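Structural description and commentary
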Amino acid sequence: MLTPDLLDRAVELLRRGGVIALPTETVYGLAANAEDELAVRRVFAIKGRPANHPLIVHIPDEEYLPEWAREVPDEAKALARAFWPGPLTLVLRRTSKATDAVTGGQDTVALRVPGHSVAMEVLERLGGGVAAPSANRFGRVSPTTAEHVQRDLGDDVDLVLDGGPSTVGVESTIVDLSSGAPAILRPGGLATEDIERVLGRAVPVRTSTTVRVSGSLESHYAPRAGVVLAEPHEAVQRVEALRAQGLRVGVLGPASLSLPTDVQRFDVPGDPAGAARVLYARLREADEQGHDVLVACLPAASGLGIAVRDRLSRAAAPRTFDPSIVEPTK
Ligand code: TXA
Ligand code: MG
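What this report covers is the structure whose coordinates are included nearby. (Residues numbered from 1 in each chain as written. Chains lettered and ligands numbered in written order. Predicted model: local features only at pLDDT ≥ 70, side-chain atom pairs only at ≥ 80, totals over all residues. Heavy atoms only, no water.)

Next up on the list: the sheet that holds strand E11 (residues 249-253). Spatially, the four strands line up as an open sheet ordered E10-E13-E11-E12, and their pairing is parallel. Among the strands making up the open sheet, the edge pair consists of strand E10 (226-230) and strand E12 (264-267). Across this sheet, the average inter-strand angle for adjacent strands is 25°, counted without regard to direction. In the sheet, E10 pairs with strand E13 (residues 293-297) via five bridges, with the strands oriented parallel. Within E13, the residue paired with Val-228 across the bridge is Val-295. Against the sheet, helix H9 (residues 235-244) contacts E10, E11 and E13, and its axis sits at roughly 170° relative to E13. Each of E11, E12 and E13 touches helix H10 (residues 272-288); the most contacted strand, E12, lies at about 155° to it. (Pairing = 2+ DSSP bridges. Helix = DSSP H or I, 4+ residues; strand = E, 2+ residues; numbered from the N terminus. Axes fitted to C-alpha atoms, helices over the stretch in contact; angles between N-to-C directions. Contact = heavy atoms within 4.5 Å.)

So, in structure tokens, the structure goes:
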């Protein structure tokens with residue numbers, strides 16, 4: 001239970017340079033006072049994240065935008081008004097309040113108002129910005145429950161606030177409005193169609209950029225088991241082919257698949273929003289069962305399905321940075 005006492009403690013910790021795990025509607029964040037450089041550096045250390053990968057600053061509401069962004073274009077205002085609090089991050093030109101520690105030395109800052117009562121309460125009481133990446137080790141699956149955070153980061157954080165399972169389940173959609181036409185840097189919990197409806201124009205996805213968006217690394221969100229992607233109609237065939245090679249195979253997909261009875265299935269519904277909500281939890285559960293390979297069914301490529309497909313393809317990408325993976329010999 002989250003008591004007022006616990007919220008007081010969370011805010012006090014943030015004021016004193018502590019690092020806490022904070023529930024949001026997308027995923028749990030690893031939070032530090034964004035104006036406290038030492039605390040922000042601790043976030044990087046705990047995550048094992050390269051210092052040049054910038055963090056998102058979470059603010060209590062859109063009134064705080066001018067403190068952090070020196071230019072707030074009309075399109076940014078329109079999106080903030082339509083979707084905050086919610087799973088949308090805006091990249092804007094920074095003020096000096098957004099330090100190099102937070103922005104990785106870039107001239108822009110990523111800002112968002114999270115739509116979760118616990119996060120909002122903490123931000124309001126703090127009355128300032130909180131820098132928070134997802135509360136997982138760099139390159140691994142993001143946490144959507146307090147228990148996930150506890151298992152990954154446990155004693156390294158000063159406090160884990162439990163706000164229940166994240167309802168959106170994938171990270172926020174990042175929209176760059178810092179120069180010229182808007183572009184999506186990371187598809188996420190807010191559908192592109194919704195953004196385009198408010199702006200009245202097409203908004204392209206631009207994931208390959210000079211900006212270091214770690215969620216845009218090819219291999220990310222990676223469980224330990226291998227991940228093989230399948231459109232629903234191919235899934236059963238894929239499973240059989242992998243099993244024929246002697247591999248232990250698990251499946252992430254809907255109940256409608258006709259799988260052999262001895263294949264373990266982790267329920268990921270076919271509808272995009274439902275898939276987003278449970279994706280990370282199911283990836284973790286499946287990974288704990290010691291399968292060699294997980295066959296992941298892809299949801300339709302619309303709405304939040306774009307984000308789910310994006311995360312699954314990164315989970316399936318060859319690992320380039322994990323030293324525990326040994327290159328196969330020829
Ligand atoms: O839903 C979310 O966005 C979650 C919750 C906790 O709010 N946070 C999250 O943070 O996903 P993180 O650090 O895992 O991902 C933030 C992404 C990174 O890929 C980072 O590179 C990008 O935001 N980012 C931050 N500042 C940026 C900037 N100035 N320009 C472009 N990308 C930026
Ligand atoms: Mg992350």
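Among the nonpolar cores identified, the biggest contains 47 residues, and Ile-59, Leu-79, Trp-84, Leu-90 and Leu-111 are the most heavily contacted of them. Here the element with the most residues in this core is helix H2 (residues 37-47); it accounts for five residues. The contacts of Trp-84, once residues within four sequence positions are left out, are Ile-59, Glu-62, Leu-65, Leu-79, Leu-90, Leu-111, Arg-112 and Val-113. Counting 26 residues, the second-largest nonpolar core is a separate cluster that includes Ala-191, Leu-279, Tyr-280 and Leu-283. (Core = buried A, V, L, I, M, F, W, Y, C linked by side-chain atoms within 4.5 Å. Buried < 20%, exposed > 50% of the residue type's maximum accessible area, 1.4 Å probe, protein only.)

Glancing now at the sheet that holds strand E1 (residues 20-22). If you trace the nine strands from one edge of the open sheet to the other, you get E7-E1-E2-E6-E3-E5-E4-E8-E9, paired in mixed fashion. On the outer flanks of this sheet lie strand E7 (159-160) and strand E9 (183-186), each paired with one strand and no other. Bridging between E1 and E7 involves two bridges; their strand directions are parallel. Residue pairing in the sheet places Ile-20 in a bridge with Leu-159 of E7.

Let us look at the packing of helix H1 (residues 4-15) against helix H6 (residues 117-126). Their axes nearest at 10 Å, the elements H1 and H6 cross at an angle of 55°. Judged on the interaxial angle alone, H6 and H1 are oblique. The handedness of the crossing between H1 and H6 comes out as right-handed. Residue-level contacts link Pro-4, Leu-7, Asp-8, Ala-10, Val-11, Leu-14 and Arg-15 of H1 to Val-118, Glu-121, Val-122, Arg-125 and Leu-126 of H6. When grouped by side-chain class, the residues that make up the contact of H1 with H6 number eight nonpolar, no polar and four charged. (Parallel < 35°, antiparallel > 145°, perpendicular 65-115°, else oblique. Left-handed = near helix turned anticlockwise from the far one by under 90°. Nonpolar A, V, L, I, M, F, W, Y, C, P; charged D, E, K, R; others polar.)

It is the contact of helix H4 (residues 74-83) with helix H8 (residues 192-199), at a shortest axis distance of 10 Å, that shows an interaxial angle of 125°. On the basis of their axis angle, the class for H4 and H8 is oblique. The two elements H4 and H8 cross, and the hand of that crossing is right-handed. Residues Glu-75, Ala-78, Leu-79, Ala-82 and Phe-83 of H4 lie in contact with H8, whose contacting residues are Asp-194, Ile-195, Val-198 and Leu-199. For the contact of H4 with H8, a count of residues per class yields seven nonpolar, no polar and two charged.

The next thing to look at is the pairing of strand E4 (residues 88-93). Within E4, five of the six residues are buried, which leaves it mostly tucked inside the rest of the structure. As paired elements, E4 and strand E8 (residues 173-176) share four bridges and run parallel to each other. When the bridges of E8 are listed, Leu-88 appears paired with Thr-173. Sheet analysis places E4 next to strand E5 (residues 108-112), joined by four bridges and oriented antiparallel.

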